[in-house]
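Chains, contacts and geometry: an overview
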Amino acid sequence: NRLSGFQLHGVYFQCAAADVSGNRILDNSIDGTSITNANGNGILLAGAAAYANNQNDFTISRNILVMPTTATPATEGITTQTLGLGGTVSNNDITGSQIGISGDQCPKLLVQGNRIQGISTTIGYCVELNNNNGCVIGNFLSGGNYGVIASNASNAITLDRIQVSGNRFVNQVVSCVY
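As the structure is a prediction and not an experimental result, all values here were calculated from the model.

Attention now goes to the packing of aromatic side chains. Within this structure, the stated rule accounts for two aromatic pairs. Geometrically, the ring pair formed by Y146 and Y178 is tilted, given 5.1 Å between the ring centres and 45° between the ring planes. Taken together, the positions of Y146 in strand β19 (residues 146-150) and Y178 in the segment after β22 (175-177) put the pair 32 residues apart, joining distant regions of the chain. According to the relative accessible area criterion, Y146 is buried, its value standing at 15%. Each residue in the set Y125, Y146 and Y178 is aromatic and connected to the rest through ring pairs, giving one cluster. Over the ring of F140 we find R115, and its NZ or CZ is 4.2 Å from the ring centre.

We now examine the nonpolar core. Core analysis: the biggest nonpolar cluster contains 27 residues, and I43, I60, I78 and I116 have the highest contact counts within it. Among the secondary structure elements, those contributing two or more residues to this core are β6 (40-46), β8 (58-61), β14 (109-112), β15 (115-119) and β16 (125-130). With three residues, the top contributor of residues to this core is β16. When sequence neighbours within four positions are dropped, the list of residues in contact with I43 reads V11, I25, I30, I60, N63, L65, G77, I78 and T79.

With that settled, consider the environment of G77. With respect to the helices and strands, the residue G77 is situated in strand β10 (residues 75-81). C-alpha of G77 to C-alpha of S102: the two residues are 25 residues apart in sequence and 8.1 Å apart in space. Once residues within four sequence positions are removed from consideration, G77 is found in contact with N41, G42, I43, L65, M67, I94, S97, I99 and G100.

Rules used throughout
Residues numbered from 1 in each chain as written. Predicted model: local features only at pLDDT ≥ 70, side-chain atom pairs only at ≥ 80, totals over all residues. Heavy atoms only, no water. Phe/Tyr/Trp six-rings, centres within 6.5 Å; stacked < 30°, edge-to-face > 60°. Helix = DSSP H or I, 4+ residues; strand = E, 2+ residues; numbered from the N terminus. Buried < 20%, exposed > 50% of the residue type's maximum accessible area, 1.4 Å probe, protein only. Lys NZ or Arg CZ within 6 Å of the ring centre and 35° of its normal. Core = buried A, V, L, I, M, F, W, Y, C linked by side-chain atoms within 4.5 Å. Contact = heavy atoms within 4.5 Å.

See the structure below:
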């Protein structure tokens, strides 16, 4: 698929009524430079409001995303916003945005083999983890304030068993791993 000209999300999967498993978002070319709404995403995989339903065993892979490089609107390349267990975000190429990949409350998330560059320094995270059992392995992370940031300041999930290894960090303003 080739996606362009959208205002909010390029691909949006939400499980509003029940838990779901096995969703795959593969091989898309996403031009998100036209996003005008705050909190726009190239790809958003979400549970229901307040994380009532979950995405389990999902894969987001081999996508090419070009996102805005300006401070406004605040955009994210790929966001997994679900308490579902076991997801993989791998081999994606993301240029631009405020946050390259956000693993928001998504336990057992594997972020592997992605190329993330041109991240703005307004928020400036190449990879953000707000979960436990997260692995960030073998990625190329360039720009932004942080290469990988793990934080649970806004939720009750712990940050137990986080693994960050084999990544290449280039030109982070504040810290490569925080």
